[in-house]
Amino acid sequence: PLRRQRQMCIRDRKRLRQNQVRRAQNRSIKRALRTQCRKVRDAIRDGDLERAETEFRRAAKGLDRAGAKNVIHRNAAARVKSRLSAKIRAVKQGS
């Protein structure tokens, strides 16, 4: 059976506007997080520990904030932080 789609009412239009704004904000936050994590990995690859640690602090702050706002799951934020810090520790112990 075919279902007729109901007409959009005022609350539907508002919900659509809210979703579009939130999607744009979430995408922006996620993109900034990916960029920040890439900066940490680049610093590790270049062997610049001091820069890696400062970039990691920025990344950790952003990840925690995104996890708190449910942009990403808080366990996913913790996992990324753990992996980045493990890479920094490995470079520290190797040098």
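Below you will find a few notes about this structure.

Thresholds applied
- Residues numbered from 1 in each chain as written.
- Predicted model: local features only at pLDDT ≥ 70, side-chain atom pairs only at ≥ 80, totals over all residues.
- Heavy atoms only, no water.
- Patch = residues over 30% accessible without salt bridge, like charges linked within 9 Å, V, L, I, M, F, W, Y side chains within 5 Å.
- Areas by Shrake-Rupley, 256 points an atom, 1.4 Å probe, with all protein chains shown as cover.
- Salt bridge = Lys/Arg side-chain N within 4 Å of Asp/Glu carboxyl O.
- Lys, Arg positive; Asp, Glu negative; His and termini not counted.
- Charge placed at Lys NZ, Arg CZ, Asp CG, Glu CD.
- Helix = DSSP H or I, 4+ residues; strand = E, 2+ residues; numbered from the N terminus.
- Core = buried A, V, L, I, M, F, W, Y, C linked by side-chain atoms within 4.5 Å.
- Buried < 20%, exposed > 50% of the residue type's maximum accessible area, 1.4 Å probe, protein only.
- Contact = heavy atoms within 4.5 Å.

Here we come to a positive patch on the surface. A grouping of R23, R27, K30, R31, R34, R38, R41, R79, R83 and K87 is seen on the molecular surface, where their side chains present a positively charged patch. Elements with a contribution of two residues or more to the positive patch: α1 (10-46) and α3 (74-94). Here the positive patch gets seven residues from one element, more than from any other, and that element is α1. Along the chain, R83 turns up in helix α3.

Turning to the nonpolar core, a few remarks are in order. Formed by 15 residues in total, the largest nonpolar core has its most connected members in V40, I44, A52, F56, L63, L84 and I88. Of all the elements in the fold, those that place two or more residues in this core are α1, α2 (49-68) and α3. Ranked by residues supplied to this core, first place goes to α2 with six residues. Sequence-distant contacts of A52, that is, excluding residues within four places in its chain, are made with V40, A43, I44 and I88.

If you check the backbone angles, N70 has positive phi at about 60 degrees while not being a glycine. As for its position among the elements, N70 is in the loop between α2 and α3.

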